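Per-entry structural report
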Amino acid sequence: MSTPSAAPTPRRARPAMRISSAAAMAVLTAVSAAACSTSSPASSSSKTGGGTPDGASGRTIRVVAAENFWGSIAAQLGGGHVQVASIIANPDTDPHDYEPTAADARTVAGARYAIVNGVGYDAWADKLLAANPAAGRAVLKVGDLVGVKPGGNPHRWYAPDDVHQVIEKITEDYKKADPADAAYFDQWKKDFETKDLATYNKLITDIKSTYHGTPVGASESIVSPLADGLGLKMLTPRTFLDAMSEGTDPTAKDKAAIDDQIKNKQIKVYVYNTQNSTPDVQAQVKEAKDAGIPVAAVTETLTPADATFQQWQTAQLQGIEQALAKATGR
């Protein structure tokens, strides 16, 4: 299993989610052409050695994922029976304020199955789907599946339990779209969960059992679902985490509270998103290091872009585990 490379240059602090009128016009203009387009999605992938087994139908489900972390999972669950295109695939692209292109509209138009995150994270994807309704196309909205309402934390790919719910649902939907190959999809799901995710699952279990209740700090709300899944205690004020995720200015009160937590070593580890490293976050990282508090890094999307979901997440979990071990001596 390869280890993702160093994180890319930090993105600017994100503004509120938007889709420009120009981009919207480009999308709508592309829809009529996309409806009759025969071009295939921009990319496809399957596990090494995957393919169509003897006796299978050989059908291919065209899938579009708004973000590549869901796209990676979708590709690995479908093997040679799916062709998956992810719209957000560049680590330097901020999914919150992405502006779709005409090419994105064509990709969506040709998809039989769509996966969007929801919870206000990728409203632009809803616009793309609404601009080109297609009979028979199934849509998975992750937030709805896992029961997170608008205003909740949208970063569900960092919640291990939610990831497994998504795996179940994608497999179920593949079997509905291609009943003749239900056994094929069941086998790929089993292999993915027991083999491909083995290290990911073990790290989560080990961290939870060894470091349960350990207090940590973070740069933004992307870390919160993971901290919950690992049984860690998040001390950073939620208002600060949300402000950083939404690209708004944190309050002086919150910044002072975090400074106090670091100064007095109330947190054992500080975890930050390198793709949204603002001056406030950079200052906290420096303060933590100066105080002897181990720092671990995460990113919002697959890094590098060609990593699998499990390669990416495993490398980050290993970093967090190492930081916790250093901080606690366990």
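Residues numbered from 1 in each chain as written. Predicted model: local features only at pLDDT ≥ 70, side-chain atom pairs only at ≥ 80, totals over all residues. Heavy atoms only, no water.

1. As for the environment of Ala85
Tracing the sequence through the fold places Ala85 in strand β2 (residues 82-88). When its relative accessible area of 3% is taken as the criterion, Ala85 is described as buried. Residues Ala85 and Thr107 lie 22 residues apart in sequence; the distance between their C-alpha atoms is 7.5 Å. (Helix = DSSP H or I, 4+ residues; strand = E, 2+ residues; numbered from the N terminus. Buried < 20%, exposed > 50% of the residue type's maximum accessible area, 1.4 Å probe, protein only.)

2. Some remarks on the nonpolar core
If you look at the biggest cluster of nonpolar residues, it comprises 55 residues, and the most contacted ones within it are Val63, Ile73, Ile115, Trp157, Ile170, Tyr174 and Phe309. In this view, Trp157 contacts Phe69, Trp70, Asn117, Tyr121, Val163, Ile222, Glu300, Phe309, Trp312 and Gln313; residues no more than four positions away in its chain are not counted. Counting residues in each nonpolar core, the second largest holds 14 residues, with Val64, Ile87, Tyr98 and Val116 among its members. (Core = buried A, V, L, I, M, F, W, Y, C linked by side-chain atoms within 4.5 Å. Contact = heavy atoms within 4.5 Å.)

3. Some points on the sheet that holds strand β7 (residues 269-273)
Read across the sheet, four strands follow the order β6-β5-β7-β8 without closing on themselves; strand pairing throughout is parallel. With one partner strand each, in any of the chains shown, β6 (233-234) and β8 (295-298) form the two edges of the open sheet. Note that strand β5 (residues 215-218) and β7 share three bridges and pair parallel. Considered in β7, the bridge of Gly217 is made with Tyr270. In this fold helix α13 (residues 309-328) packs onto β5, β7 and β8, with an angle of close to 170° to the strand it touches most, β8. (Pairing = 2+ DSSP bridges. Axes fitted to C-alpha atoms, helices over the stretch in contact; angles between N-to-C directions.)

4. With respect to the pattern of salt bridges
Side-chain pairing between opposite charges can occur once the charged atoms of the two side chains come close. Tallied over the entire structure, the rule returns 14 salt bridges. Among the ionic pairs, Asp206 bridges to Lys202, the shortest N-O distance being 2.6 Å. With Asp206 and Lys202 both in helix α8 (residues 198-211) and four residues apart, this pair spans about one turn of that helix. The class of Asp206 is partly exposed, set by a relative accessible area of 25%. Under the relative-accessibility criterion, Lys202 is labelled exposed at 52%. Linked by salt bridges that have partners in common, Lys169, Glu172, Asp173 and Lys176 make up one network. (Salt bridge = Lys/Arg side-chain N within 4 Å of Asp/Glu carboxyl O.)

5. A few points about the pairing of β7
Burial analysis of β7 places five of its five residues in the buried class, the great majority of the element. Judged by which residues are buried, β7 turns out to be covered on both faces: Val269, Val271 and Asn273 on one side and Tyr270 and Tyr272 on the other are all buried. Note that β7 and β8 share four bridges and pair parallel. By the bridge assignment for β8, Tyr272 is matched with Ala297. In the classification by handedness, the crossover that spans β7, the intervening helix α12 (residues 279-290) and the parallel β8 is right-handed. (Right-handed = clockwise from strand over helix to strand, strands pointing away.)

6. Brief notes about unusual backbone geometry
In this structure, Pro304 follows Thr303 across a cis peptide bond, with omega equal to -5°. Structurally, Pro304 can be placed in the loop between β8 and α13. Phi is positive for Val119, which is not a glycine, with a value near 60°. Tracing the backbone shows Val119 in the loop between β3 (113-116) and α4 (123-131). Positive phi, normally seen in glycine, also occurs at Lys265, with a value near 55°.

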